[in-house]
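Each chain, letter by letter, is given below.
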Amino acid sequence: MRFESVFDAAEITSQFEKAGINPIFIPSIWKYLIQHPECEWDEIPSLPSAAYTLLRSRFKPVTSTLHSLFHSSDEVTTKLLIKLQNGAFVEAVIMRYDTRLGKYAGKPRPGGPRSTLCISSQVGCKMGCKFCATGSMGFKNNLSSGEIVEQLVHASRLSNIRNVVFMGMGEPLNNYNAVVEAVRVMTRSPFQLSPKRITISTVGIIHAIKKLHIDLPGLNLAVSLHAPVQDIRCQIMPAARAFPLDKLMDTLKVYQKDSQQKILIEYIMLDGINDEEQHAHQLGKLLETFQVQVVNLIPFNPIGNLSQFKTSNEQKVLRFQKILRGTYNIRTTIRKEMGQDISGACGQLVVNLPDKNSVDNKGLLTDIEDLRI
Ligand code: SAH
Ligand code: SF4
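The numbers attached to residues start from 1 for each chain and follow its sequence in the written order. Note on labels: chains are lettered from A, ligands numbered from 1, in written order. Local features in this predicted model are restricted to residues of pLDDT 70 or higher, and side-chain atom pairs are both shown and tallied only at a pLDDT of 80 or more, whereas totals for entire chains, interfaces and linings draw on every residue. Side-chain measures were taken over the full set of non-hydrogen atoms in the model, leaving aside hydrogen atoms and water.

1. Notes on the packing of helix 11 (residues 277-286) against helix 12 (residues 314-326)
The description of two helices packed together rests on the angle between their axes and the distance between the axes. Where we set the bar: Throughout, an axis means a line fitted to C-alpha atoms (over the contacting stretch in the case of helices), and angles, computed between N-to-C directions, take values from 0 to 180 degrees. In DSSP terms, a helix is any run of H or I states spanning at least four residues, a strand is any run of E spanning at least two, and both are numbered starting from the N terminus. Note that the term roughly parallel is reserved for angles under 35 degrees, roughly antiparallel for angles over 145, roughly perpendicular for angles of 65 to 115, and oblique for everything else. Crossings are classed by handedness, with left-handed meaning an anticlockwise turn of the near helix from the far one by less than a right angle and right-handed meaning a clockwise turn. Whether two residues touch is decided by their heavy atoms; if any such pair falls within 4.5 Å, the residues are in contact. Basically, the charged four are Asp, Glu, Lys and Arg, the nonpolar ten are Ala, Val, Leu, Ile, Met, Phe, Trp, Tyr, Cys and Pro, and anything else, Gly included, counts as polar.
Closest axis-to-axis distance for the helix 11/helix 12 pair is 9 Å, and the angle between their directions is 30°. Judged by the angle between their axes, helix 11 and helix 12 are roughly parallel. As helix 11 packs across helix 12, the resulting crossing turns out to be right-handed. Counting all contacts with helix 11, which are made through Glu-277, His-279, Ala-280, His-281, Leu-283 and Gly-284, the residues of helix 12 involved are Arg-319, Phe-320, Ile-323 and Leu-324. Tallied by class, the residues present in the contact of helix 11 with helix 12 amount to 5 nonpolar, 3 polar and 2 charged.

Okay, structure coming up:
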């Protein structure tokens, strides 16, 4: 029998209402489950008796299970491999900034412990980006909003999560309703994350971006641009044909105006394809009239069967950064490789199962940090 997730807000609220139970009890159920995910329904105190009957018949305290954990040796990064009720795996990654040494004169970062969680929204992805291991597996299924929230539930047991980024498996805006509902739950009690601390990364689904600021005001938007011109974008991202660059930029400008939010631009550096000086100038010009929070240059992570691409060398990446900063005055960061010993970029691990040791290693630390407002 397939159980519903209690973290699926629409489902549990409607079931409670149908059974005449006050939905006011829902946040306290969530709170208890975060602290005791392996509990039985009867252990949750002070619910009306009809609630216990309903919960037992249709819901499971947590529908997904934490299958395995991978810790980086520096303890900054932890990967959670999560098994969904249908047997599929997704991955979430915790990045702990307070433990990162060096940036602050060798001392833990001020402001106390805080972590960012990178989560998945789909099993696989139908966008088929040529450099992405998730894309190479095709689309398998959407996560429900409850399954998305459950990644935060599992991670909250291990770390105090302050930021959430949708940069794991899948294209969040292709699973729009579930993602919107999951974000709403994350901003409610007991999670209470600020929308400013939640970032959705998208390949650029134009019709979804158009409604995003109405459905989720204050949310951070990151766009995987990856190329400054339509030709190159189409070559590496088939979705660019359906969502052309000029239309995408127009949409982002409107989004920016309506939401008053700066947008984060992600740009994967692929040797000989999009990493030359001319591309930096094209990108600078494309973004000139645009309020960019930061351009994040991402070293390509050669994982799985993606051998047609090579990682740009450091000199090229630095030259690219210098042009964007110097000539166009755009804040530009380079994604650092962290947590080397455990995994590839967020969302890239699952594809390589079950051979965990073959996974390549690139963390998302520096750039995710830049998402924090
Ligand atoms: N589908 C969304 C979010 C998930 S991918 C999106 O595409 O934005 C999260 C980020 O990882 C994206 O910027 C994506 O381009 C990047 N990425 C995918 N494959 C990668 C690889 N092999 N190396 C480095 N970054 C990669
Ligand atoms: Fe999907 Fe994002 Fe991978 Fe492209 S980069 S295939 S949109 S997960």
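2. Let's talk about the confidence of the model for the protein
Let me state the cut-off plainly: Values of pLDDT, ranging from 0 to 100, describe the predictor's confidence in every residue of the model.
When pLDDT is averaged across the protein, the result is 87; 85% of the residues are at 70 or more. Note that pLDDT drops below 50 for residues 99-104; the model gives that stretch 15 contacts with residues more than four away or on any other chain. Segment residues 354-373 is flagged for pLDDT under 50; beyond a separation of four residues in sequence, or across chains, it makes 75 contacts in the model.

3. Points about the site of ligand 2
So the rule is basically this: Whether a residue is near a molecule or strand is decided by its heavy atoms; if any one of them lies within 4 Å of it, the residue is near.
Residues in contact with ligand 2, as listed here, are Cys-125, Met-127, Gly-128, Cys-129, Phe-131, Cys-132, Gly-135, Gly-170, Glu-171 and Val-203. The class makeup of the residues in the shell around ligand 2 is 6 nonpolar, 3 polar and 1 charged.

4. A look at the site of ligand 1
Selection rule: Think of a polar contact as two N or O atoms within 3.5 Å of one another; within protein, one of them needs to be a possible hydrogen donor and the other a possible acceptor, and neighboring residues in sequence only count if both atoms come from side chains. For accessible areas, the Shrake-Rupley method is used with a probe of radius 1.4 Å. Any residue's cover is judged against the shown protein chains and nothing else.
Phe-131, Ser-201, Ser-224, His-226 and Asn-301 are the nearest of the 19 residues found near ligand 1. A distance of 2.6 Å is found between an oxygen atom of ligand 1 and a side-chain nitrogen or oxygen belonging to His-226. Within the complex, 95% of the 530 Å² of free accessible area of ligand 1 lies under protein. Of all the secondary structure elements, the ones that give two or more residues to the shell around ligand 1 are strand 10 (198-202), strand 12 (263-269) and strand 13 (292-299). Grouping the constituent residues of the shell around ligand 1 by class yields 9 nonpolar, 8 polar and 2 charged.

5. Details of the pairing of strand 11 (residues 220-224)
Here is the rule: Working definition: with a 1.4 Å probe on protein chains only, accessible area under 20% of the residue-type maximum means buried, over 50% means exposed, and in between means partly exposed. Two strands make a pair as long as DSSP finds a minimum of two bridges between them. A clockwise course of the path from the first strand over the helix to the second, judged with the strands pointing away from the viewer, identifies a crossover as right-handed.
For strand 11, the tally of buried residues reaches 5 of 5 residues, placing the bulk of the element in the interior. Burial of the side chains of strand 11 extends over both faces: Asn-220, Ala-222 and Ser-224 are buried on one face and Leu-221 and Val-223 on the other. Relative to strand 11, strand 10 runs parallel, the two sharing 4 bridges. The residue of strand 11 that forms the bridge with Ser-201 is Ala-222. Note on the crossover from strand 10 through helix 7 (residues 206-215) to strand 11: the handedness is right-handed.

6. What to know about the nonpolar core
Applied cut-off: We call a set of buried Ala, Val, Leu, Ile, Met, Phe, Trp, Tyr and Cys residues a nonpolar core when their side-chain atoms join them within 4.5 Å. Just so you know, the domain bounds were taken from an automatic or database domain assignment.
The biggest cluster of nonpolar side chains holds 105 residues, and the ones touching the most others in it are Phe-131, Val-164, Leu-287 and Val-295. Here this core takes 8 residues from helix 6 (residues 176-187), the largest share from any one element. When residues of this core are assigned to domains, at least three fall in each of domain 1 (4-59) and domain 2 (62-371). Sequence-distant contacts of Val-164, defined by excluding residues within four places in its chain, comprise Leu-117, Ile-119, Leu-152, Met-186, Leu-193, Arg-197, Ile-198 and Thr-199. Core analysis: the next-biggest nonpolar cluster, separate from the first, contains 9 residues, Tyr-97, Val-165, Ala-222 and Leu-264 among them.

7. Digging into a nonpolar patch on the surface
This is how it is decided: Surface patches are defined over residues having more than 30% relative accessible area and no salt bridge, joining like charges when they lie within 9 Å and nonpolar side chains (Val, Leu, Ile, Met, Phe, Trp, Tyr) when within 5 Å. Basic side-chain nitrogens of Lys or Arg form a salt bridge, by our definition, when they fall within 4 Å of a carboxyl oxygen of Asp or Glu.
A contiguous nonpolar surface patch, about 200 Å² in accessible area, is contributed by Leu-66, Leu-69 and Leu-158. In this structure Leu-158 comes out as partly exposed when scored by relative accessible area, which is 34%.

8. Re helix 6
Applicable threshold: To estimate how far a helix should reach, multiply one less than its number of residues by 1.5 Å.
Counted at 1.5 Å a residue, the expected span for helix 6 with its 12 residues is 16 Å, and the 17 Å between its end C-alpha atoms agrees. Considered for burial, the residues of helix 6 that qualify are Tyr-176, Ala-178, Val-179, Val-180, Ala-182, Val-183, Val-185 and Met-186. Its buried side turned inward, helix 6 meets helix 1 (9-18), helix 2 (26-35), helix 5 (145-156), strand 9 (161-166), strand 10 and helix 7.

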